[in-house]
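Commentary on secondary and tertiary structure
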Amino acid sequence: AEDGIRDAQESRGLGDVYKRQVVHCLLSGTKAFYSWTVHQGIEVVRQSCGGQGFSMYSGLPTILLQNYPNITHEGDNTVMALQCGRFILKSFREFMNEKPIHQSLEFMHEYLKIQQGELINLKLESVADLLDVNIVKQLLQLLAACQLVKATNIMIQASSDGINVRDSWDKYAGIAVVELAEAYINIFSFDNLYEAICQETNENLVSATTDLLKLFGVNILLQKAHQLFENKIFAAGHLRILEEGRDKLFESIRPNALVLIEGWNFSDNALRSAIGNSNGSYEQLYQWAKEYTLSLIHI
């Protein structure tokens, strides 16, 4: 993400003020959705560990509590997401007036096709098609375009009903704008991770992380598939392809999952966990339980 934001600062053909607005949009959006994702991920890991995950000895409740403030401090996430979405809508006006926009907003070209009822050139006939990175990216862009259609239609309908811009923003379009910002940040994240993978020379690492990248995209598409159906991009059979593709990616990633996780090389001191320490045993759990104050009381 850092490289992508730096690229936005150095974009050619865009005014300095606009470039600063792009950077603010990206910083606001990534702050919001990355901290939400981390929080949700920690909770999934905690639940996956069963009763041990609930125990303070696992270290996970502490990590969860330490992460809680990130959702609010340095900018409340919902406010940050709305700022990101507001800029996207502002850029959309520029786009419709045929003015230059940042390359991360290229999904807006798909908006025109959807609104005008053009036939979308989507090659998604099998799981093999889905496992093409370019197909996943195209689908993410189409999804963002669908969210843009939804947000702009709400604003247009409110205006036709005589509702002023501020009220239509505050009372009607807010949720759709947050969803639009999320779709945009997902594309930004996908593009930046793919760019980093392309610079890697280790073939095994490239293969494993590319599968992770595709799983990231497919999981998003499964969560938001209804938008693609509503806009007649998806047809019968596409949801099945997504589900089968996700399962195939799980199968491919599973042998490398532990290595990918351990690759972060978090220290025992940082995790402070009796079930996730570097020696790979549960002896620490037994030792800490023995040293617990109540364990020393003779009954």
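Structural data are supplied above this passage.
Presented here is a report on the structure given in the accompanying data block.

Observations concerning the packing of aromatic side chains
- Evaluation of the coordinates by the stated rule reveals 6 aromatic pairs.
- Geometrically, the ring pair formed by phenylalanine 107 and tyrosine 184 is tilted, given 6.5 Å between the ring centres and 50 degrees between the ring planes. Pair noted here: phenylalanine 107 is in the loop between helix H5 (77–96) and helix H6 (108–115) and tyrosine 184 is in helix H9 (residues 165–198), with a separation of 77 residues, a long-range link. Neither residue differs from the other here; phenylalanine 107 and tyrosine 184 are each classed as buried.
- Here tryptophan 264 and phenylalanine 266 contribute two aromatic rings whose centre-to-centre distance is 6.3 Å and whose plane-to-plane angle is 10 degrees, an arrangement assigned as stacked.
- Classification of tryptophan 264 by relative accessible area gives exposed; the value is 63%.
- The class of phenylalanine 266 is exposed, set by a relative accessible area of 52%.
- Lying over the aromatic face of tryptophan 169, arginine 86 brings its terminal NZ or CZ to 4.2 Å of the ring centre.

Overview of the environment of leucine 221
- With respect to the helices and strands, the residue leucine 221 is situated in helix H10 (residues 203–223).
- Since its relative accessible area comes to 0%, leucine 221 is described here as buried.
- On a C-alpha basis, the gap between leucine 221 and glycine 174 in space is 22 Å, while along the polypeptide they are 47 residues apart.
- For leucine 221, the contacting residues outside a window of four places in its chain are Leu139, Leu140, Leu143, Leu228 and Leu242.

Regarding the packing of H5 against H9
- H9 packs onto H5 with a crossing angle of 85 degrees between their chain directions and a minimal axis gap of 8 Å. Accordingly, the angle class assigned to the pair H5 and H9 is roughly perpendicular. On the side of H5, the interface is formed by Ala81, Leu82, Cys84, Gly85, Arg86, Ile88 and Leu89, while H9 contributes Trp169, Gly174, Val177, Val178, Leu180, Ala181, Tyr184 and Ile185.
- In terms of residue class, the contact of H5 with H9 is made up of 12 nonpolar, 2 polar and 1 charged.

Regarding unusual backbone geometry
- Here the phi dihedral of glutamate 98 falls at roughly 60 degrees; this positive angle occurs in a residue that is not glycine.
- Judged by its relative accessible area of 75%, glutamate 98 is exposed.
- Notably, arginine 272 is not glycine yet its phi reads approximately 50 degrees, a positive angle.
- You can see arginine 272 is positioned in the loop between helix H14 (268–271) and helix H15 (283–291).
- Given the relative accessible area of 57%, arginine 272 is considered exposed.

What counts and what doesn't
- Residues numbered from 1 in each chain as written.
- Predicted model: local features only at pLDDT ≥ 70, side-chain atom pairs only at ≥ 80, totals over all residues.
- Heavy atoms only, no water.
- Phe/Tyr/Trp six-rings, centres within 6.5 Å; stacked < 30°, edge-to-face > 60°.
- Helix = DSSP H or I, 4+ residues; strand = E, 2+ residues; numbered from the N terminus.
- Buried < 20%, exposed > 50% of the residue type's maximum accessible area, 1.4 Å probe, protein only.
- Lys NZ or Arg CZ within 6 Å of the ring centre and 35° of its normal.
- Contact = heavy atoms within 4.5 Å.
- Axes fitted to C-alpha atoms, helices over the stretch in contact; angles between N-to-C directions.
- Parallel < 35°, antiparallel > 145°, perpendicular 65-115°, else oblique.
- Nonpolar A, V, L, I, M, F, W, Y, C, P; charged D, E, K, R; others polar.

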